[in-house]
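Here is how the chains run, residue by residue.
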Amino acid sequence: MKKLLFSLLFFTALAASSQNIKVYPSNWWVGMKNPTLQLLIHSQADITDSIAINYPGVIANKILLLENKHYATIDITITPDAKPGILQIQFIKKKKVNNRVSFELFAKNNDNGKTRVRGVRSEDLVYLIMPDRFSNGDTTNDIIKSMRDGVCDRGNMYARHGGDLKGIESHLDYFTELGVTSLWLTPVIENDMPLTDEGGTKRSTYHGYAFTDHYNIDKRFGGNKAYKELVDAMHSKGLKIIQDAVYNHVGASHWSAIDPPMHDWFNQWPTYTQTSYKDQPMLDPYASAFDKKLSNKGWFTRFMPDLNQENPVVSNFLIQHAIWCTELFGIDGWRVDTYFYSNPEFLNRINNALLTEFPSLTVFGEAWVQTVTNSAYFCENNIDVPFKHNLQGVTDFPLYFAMLDGVNQSFGWAEGVNKLYATLVQDILYKDPYRNAIFLDNHDLDRIYSVVGEDDNKLKTAITWLLTLRGIPQLYYGTEILMKNFKNPSDAKVREDFPGGWKTDTVNKFTAAGRTEKENDIFNYIKKLAYYRKSSSALTTGKLMQFVPADGVYVYFRYDDKQTVAVLSNTNKQAASIDATRFEERLAGFESARNIITGEEIHSMLFSVPANTTWVLELQ
Ligand SMILES: [Ca+2]
Ligand SMILES: [Ca+2]
């Protein structure tokens, strides 16, 4: 395959100039497991030249002009003979090269699976950040004149606040101090959207869920360069990165929405039709086709056109982009937004493609559902259903609801910690519940400190469950410094700036001196538990055994051959006396227990746990 290979497709008429021609993906690699690639060419003018690729080891199999003549696809095979280098896509007219676009083939990174693309597992502690709201490390990028939304205003909760990737990078020591091992950032990809008018207020897409160009990291976050630098710096400190994927939709200012390549690039309706936001029709054995279509193909919002993943060009575009990001930046895990709104066959295809290239990678999907059955349906499960999803894990909403009820409700037959107990019983439905991401709050939910009525003991109980139950625990930025708020009147209320992230801030809660005594108490509690957890095989990968809650007291064990840890939650308003003989099957061979927070030791089978308190005890 050393000889030059040509593939030509002839059209007539006008040429386009190269600066007006874009190629997606913007580059690729030699030596990928899947040797095929579909290049999408986007020209500002109709493509009328013939297109050819002339590069040793690269075969152009098929070149197709799309419905919209601004676009063509080139299906190529990158053979094992291809070497890294710059390939020219030539636009030929009257046998002369009229125009050319460069496309670079890189060598693959040898550190995949070692220091990058490692996967995020139950051994990790994830910290979720909304980049616009965390820290402003570069004020020169706060407003980019060429972009549609020209506002940066910290006094307006709907506007951008100027936070960026440099700001995150300058706090890597803060994350390691807290015991965090992985960051999940809400989307960093370009959102060049104008301000939208929603309910009378002008809103920006500071949240990042309205992509306008998949191949650019938003310049207000620092662009591709700052993202690469951040992720490299994280990897060199042993921290992992989770990227937020959005397969379901793009922003209305995405180039493919402004100039659609095909009439069915987006799911089409006679008039604007919003999704029902219902997951149930996707698994309901009695579902109507009408409801299924509405759930899956209705648009998320008027400003977020719904991608038609049944269109193979759309599907290839999304799959290749996910692989591109993973290889280029070294992504360790993907959190997939609005999972059940995407086409199910497409979802299995993209997961397969990612795992084929990167076997260590982690992928979990956002499945905002009410029951364990619904949650398990969208990932690998033990349910006998005609369609099987292949997703590793989900954002575990049923466990989230159960932890909140467990800590807030009074004890009852099906209330309080009995809800938590009963929810975990249903883990029989998951193939591997340890791969679920578990959480007490996130950027779409009321902050946990407000949910527990600003009760520090309840917060400690909830955090203890988060760090000692099965799954990949995820903290939301600011929980450690008691950031609070409900989503009322807007979810922007739970996305406030981290105090100290801006040079002009009068307090700096990144340092112990800047935190109040109460804040330091919670910060240090999380830190202590997180550090203990890091070295605890029982709490990270050990088995779970739970006992039926009795009189408001819930007890479970995490254990393996090396270690046994007991977690005791007394959710009552008064102290509870514990007779540990009930737990004898897990206590055999041990003589005492050490409280891993206070260091106190227990030598008796009869002891008392204070009101509204959770203990973590390592058996000795
Ligand atoms: Ca900035
Ligand atoms: Ca959809």
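Residues numbered from 1 in each chain as written. Chains lettered and ligands numbered in written order. Predicted model: local features only at pLDDT ≥ 70, side-chain atom pairs only at ≥ 80, totals over all residues. Heavy atoms only, no water.

Trainee: Would you explain the coordination of the calcium ion (ligand 2) in this entry?
Mentor: A metal bound by six donors in octahedral fashion has ideal angles of 90 or 180 degrees, whereas one bound by four tetrahedral donors has an ideal angle of 109.5 degrees. For the calcium ion (ligand 2), the protein coordination sphere consists of Asn-248 (OD1), Asn-296 (O), Asp-306 (OD), Asp-306 (OD) and Tyr-341 (O), at 2.3 to 2.7 Å. Summarised as a motif, the one-chain spacing of the donors to the calcium ion (ligand 2) is N-x47-N-x9-D-x34-Y. Linking Asn-248 in the loop between strand E15 (240-245) and helix H4 (255-258) with Asp-306 in the loop between helix H5 (289-297) and helix H6 (312-330), this pair joins segments that are 58 residues apart in sequence. Summarising the burial analysis for this pair, Asn-248 and Asp-306 share the class buried. (Donors = N, O, S within 2.8 Å, 3.2 Å for Na, K, Ca; no water. Helix = DSSP H or I, 4+ residues; strand = E, 2+ residues; numbered from the N terminus. Buried < 20%, exposed > 50% of the residue type's maximum accessible area, 1.4 Å probe, protein only.)

Trainee: Can you help me understand the domain arrangement of the chain in this one?
Mentor: Often, the extent of an interface is quoted as the loss of accessible area on bringing the components together. Taken domain by domain, the chain holds domain 1 (18-107), domain 2 (126-260 + 311-366 + 437-452 + 462-534) and domain 3 (540-619). Between domain 1 and domain 3, the C-alpha centre-to-centre distance is 63 Å. (Domains from an automatic or database assignment.)

Trainee: I would appreciate a short explanation of the nonpolar core in the present structure.
Mentor: As a rule of thumb, nonpolar side chains are buried together in soluble globular proteins. Ile-89 and Tyr-127 are the most contacted members of the largest nonpolar core, which has 170 residues in total. Ignoring anything within four residues of it in the chain, the contact list for Ile-89 reads Val-23, Leu-39, Ile-41, Ile-51, Ala-52, Ile-53, Ile-74, Asn-99, Arg-100, Val-101 and Phe-103. (Core = buried A, V, L, I, M, F, W, Y, C linked by side-chain atoms within 4.5 Å. Contact = heavy atoms within 4.5 Å.)

Trainee: How should I be thinking about the layout of surface pockets in this particular structure?
Mentor: The method is simple in principle: a probe with the dimensions of a water molecule rolls over the atoms, and the space it marks as empty is what remains. Estimates place the volume of the largest pocket at around 870 Å³. Taken together, the residues of the lining of the largest pocket sort by class into 14 nonpolar, 11 polar and 10 charged. By volume, the second largest pocket is sized at about 450 Å³. In this structure, the second largest pocket is lined by 24 residues; those nearest its centre are Lys-22, Tyr-24, Glu-190, Asp-213 and Trp-255. Only strand E1 (21-24), strand E3 (36-43), strand E14 (213-217) and H4 provide two or more residues apiece to the lining of the second largest pocket. Each residue belonging to the lining of the second largest pocket can be placed in one class, and the counts come to six nonpolar, 11 polar and seven charged. Taken domain by domain, the lining of the second largest pocket gets at least three of its residues from each of domain 1 (18-107) and domain 2 (126-260 + 311-366 + 437-452 + 462-534). (1 Å grid on protein atoms, 1.4 Å probe; cavity = no way out; pocket = protein on both sides within 12 Å on 5 of 7 lines; lining within 4 Å. Points joined across faces, edges and corners; volume = space filled by probe spheres on them. Nonpolar A, V, L, I, M, F, W, Y, C, P; charged D, E, K, R; others polar.)

Trainee: What is the right way to look at the coordination of the calcium ion (ligand 1) in this model?
Mentor: For the calcium ion (ligand 1), the full set of protein donor atoms is Asn-136 (OD1), Asp-138 (O), Asn-141 (OD1), Asp-142 (OD), Gly-162 (O) and Asp-164 (OD), and the range of their distances to it is 2.3 to 2.5 Å. Every donor counted, the six donor atoms about the calcium ion (ligand 1) form angles of 63 to 163° at the centre, which fits irregular coordination. (Tetrahedral: all angles 85-135°; square planar, octahedral: opposite > 155°, others 65-115°.)

Trainee: Hey, could you run me through the pairing of strand E21 (residues 543-550) in this one?
Mentor: Regular strands place their side chains on alternate faces of the sheet. As defined by bridge partners, E21 adjoins strand E22 (residues 553-559) across six bridges and the pair is classed as antiparallel. Bridge pairing in E22 links Gln-546 to Tyr-556. Linking E21 to E22, which pair antiparallel, is a turn of two residues; within it Asp-551 sits at a positive phi near 50°. (Pairing = 2+ DSSP bridges.)

Trainee: Would you mind going over the confidence of the model for the chain with me for this structure?
Mentor: Low pLDDT marks regions whose predicted coordinates should not be analysed in detail. Mean pLDDT over the chain works out to 96, with 97% of the residues at or above the 70 mark. The element-level mean pLDDT for the chain is lowest in strand E12 (residues 196-198), coming to 87, with strand E9 (residues 126-129) highest at 99. Low confidence marks residues 1-16, where pLDDT is under 50. Its contacts with residues over four positions away, or in another chain, come to 52 contacts. (pLDDT = per-residue confidence, 0-100.)

Trainee: I keep staring at helix H3 (residues 223-236) and nothing clicks. Help me out?
Mentor: Structurally, the α-helix is built with 3.6 residues per turn, so residues lying three or four positions apart point the same way. The end-to-end C-alpha separation of H3 is 20 Å, in line with the 20 Å expected for 14 residues at 1.5 Å each. Of all the positions in H3, only Gly-223, Ala-226, Tyr-227, Leu-230, Val-231, Ala-233, Met-234 and His-235 are classed as buried. Buried residues along H3 sit in contact with helix H1 (165-169), helix H2 (172-178), strand E10 (182-185), E14, E15 and H6. Just downstream of H3, Gly-238 is the residue with a positive phi angle, here 85°. (Expected span 1.5 Å × (residues − 1).)

Trainee: Please explain the packing of helix H9 (residues 397-408) against helix H12 (residues 456-468) as it appears in this structure.
Mentor: Each pair of packed helices can be summarised by the angle the axes make with each other and by the distance between the axes. At their nearest, the axes of H9 and H12 sit 10 Å apart, and the two run at 145° to each other. In this structure, the crossing between H9 and H12 has a hand that is right-handed. Of the residues in H12, those in contact with Met-403, Gly-406, Val-407 and Asn-408 of H9 are Lys-458, Thr-461, Ala-462, Trp-465 and Leu-466. (Axes fitted to C-alpha atoms, helices over the stretch in contact; angles between N-to-C directions. Left-handed = near helix turned anticlockwise from the far one by under 90°.)

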